[in-house]
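# Geometric and topological summary
Now for the letters of each chain:
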Amino acid sequence: MSREAIENLTLDLEEMRKLAGSAQRSRVQQMLAIDIRKLETDIQRQRDLLAAQAASSEQTVARPVQTSVPGDVRRYQVELKEYAWDQSDKFIKIFVTVNGVQQVPEDNVNVEFTENSFQLVISDLNNKDYIFVVNNLLNSIDAEKSYRRVKSDMVAIYLAKQGPAKWAHLTLTAKRLQDLKDERMSDGKKATSDDPSAGLMNIMQQLYESGDPETKRMINKAWHESHSKQKMPTLE
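Predicted model, so just to flag it, every value in this text is computed and none were measured.

### What to know about the sheet that holds strand S4 (residues 109–113)
The sheet built from 4 strands is open, its strands ordered S1-S6-S5-S4 with mixed pairing. Edge positions in the sheet fall to strand S1 (76–79) and S4, since each has one partner strand and no second. Averaged over all pairs of adjacent strands, the angle between strand axes in this sheet comes to 20 degrees, irrespective of strand direction. Pairing geometry for strand S5 (residues 118–125) and strand S6 (residues 128–134), over 6 bridges, is antiparallel. Counted as the bridge partner of phenylalanine 118 is valine 134 from S6.

As structure tokens, this is what we get:
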């Protein structure tokens with residue numbers, strides 16, 4: 001994500017804080033507070049990623065690129081987001097799909113481990129640098145015993161556990177989001193029995209938070225129309 005995108009998120013955050021300050025209904029204030037916390041977490045994560053990318057770029061030794069086309073060939077960074085994970089008693093296993101990764105030298109595929117995070121950097125794959133970062137792991141890992149393996153179109157990352165306990169989530173952030181969803185589901189069930197309209201509002205809010213941009217636009221339109229007719233609070 002670019003700095004401009006982070007600035008836009010920051011502006012969204014400021015606007016939501018203003019809405020929270022002017023909101024009168026406690027339920028609306030609570031929902032806005034949840035969205036504000038999510039935005040704050042997302043902004044901080046993106047800032048950490050930019051900082052990690054900058055640090056990685058500083059550590060990379062510049063070298064000339066041989067090409068038949070006059071001028072320099074510049075590589076650009078690609079942030080990897082899709083992955084799968086599994087676990088055994090000893091390791092958390094992360095599987096990151098990267099087409100053609102087996103074609104680059106082994107030295108171009110590096111993973112930096114800390115006690116609570118890791119960063120995968122794949123350098124100069126088809127003139128691109130690929131980066132995958134996970135912070136705030138659910139539990140501490142043994143960085144010295146953690147390692148990676150390059151496979152066909154995939155990098156497998158093995159995080160050495162410090163104990164045999166099963167992980168319910170990969171990160172603390174995922175656990176907190178699940179806890180919030182469970183809490184809202186519980187509150188939604190209670191609100192449905194006490195106030196049907198409040199229960200519907202909670203369900204719509206959950207759909208909005210988990211939906212894609214098109215779904216969010218549709219829900220916003222529905223809430224705007226409902227607000228115009230019934231003076232109900234909007235999602236934004």
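Having seen the model, we can carry on.
### Section: the nonpolar core
Of all hydrophobic cores here, the largest spans 25 residues; its most connected members are Ile94, Phe118, Leu120, Ile122, Ile157 and Leu159. Every element with two or more residues in this core is listed here: strand S3 (91–97), S4, S5, S6 and strand S8 (154–161). Tallying contributions element by element places S5 first for this core, with 4 residues. Ignoring sequence-local partners within four residues, the contact set of leucine 120 consists of Val96, Val109, Asn110, Val111, Tyr130, Ile131, Phe132, Val155 and Ile157.

### Details of the packing of aromatic side chains
This model, assessed by the stated rule, comprises 5 aromatic pairs. Both rings, one in phenylalanine 91 and one in tyrosine 158, keep their centres 6.2 Å apart while their planes meet at 90 degrees; by these two values the pair is edge-to-face. One end of the pair, phenylalanine 91, is in strand S3; the other, tyrosine 158, is in strand S8, with 67 residues separating them in the sequence. Across the pair, exposure class does not vary: phenylalanine 91 and tyrosine 158 are buried alike. Consider the rings of phenylalanine 118 and phenylalanine 132, whose centres lie 5.9 Å apart with planes at 55 degrees: the pair is tilted. Separated by 14 residues along the polypeptide, phenylalanine 118 in strand S5 and phenylalanine 132 in strand S6 bring together distant segments of the chain. For phenylalanine 132, a relative accessible area of 2% corresponds to the buried category. Joined through ring pairs, the aromatic side chains of Tyr83, Phe118 and Phe132 make up one cluster. The side chain of arginine 149 reaches across the aromatic face of tyrosine 158, ending 5.7 Å from its centre.

### Regarding the sheet that holds S8
Here we have 4 strands laid out as an open sheet, ordered S2-S3-S8-S7, and antiparallel in their pairing. Across the chains shown, the open sheet's two edge strands, defined by having one partner strand only, are strand S2 (84–87) and strand S7 (141–151). Strand-to-strand twist across the sheet, computed as the mean angle between neighbouring axes with direction ignored, equals 20 degrees. Bridge count between S7 and S8: 7 bridges; the pairing is antiparallel. The residue bridging valine 150 from the neighbouring strand is valine 155, located in S8.

### A closer look at the pairing of S5
Counting buried residues along S5, 7 of its 8 residues qualify, which places the element largely inside the surrounding structure. Sheet analysis places S4 next to S5, joined by 5 bridges and oriented antiparallel. Residue glutamate 112 lies in a different strand from S5, and its bridge partner there is glutamine 119. Taking the residues between adjacent antiparallel strands as the criterion, S4 and S5 are bridged by 4 residues. Between S5 and the antiparallel strand that follows it, S6, lie 2 residues; asparagine 126 among them carries a positive phi value of about 55 degrees.

Rules of the game
- Residues numbered from 1 in each chain as written.
- Predicted model: local features only at pLDDT ≥ 70, side-chain atom pairs only at ≥ 80, totals over all residues.
- Heavy atoms only, no water.
- Pairing = 2+ DSSP bridges.
- Helix = DSSP H or I, 4+ residues; strand = E, 2+ residues; numbered from the N terminus.
- Axes fitted to C-alpha atoms, helices over the stretch in contact; angles between N-to-C directions.
- Core = buried A, V, L, I, M, F, W, Y, C linked by side-chain atoms within 4.5 Å.
- Buried < 20%, exposed > 50% of the residue type's maximum accessible area, 1.4 Å probe, protein only.
- Contact = heavy atoms within 4.5 Å.
- Phe/Tyr/Trp six-rings, centres within 6.5 Å; stacked < 30°, edge-to-face > 60°.
- Lys NZ or Arg CZ within 6 Å of the ring centre and 35° of its normal.

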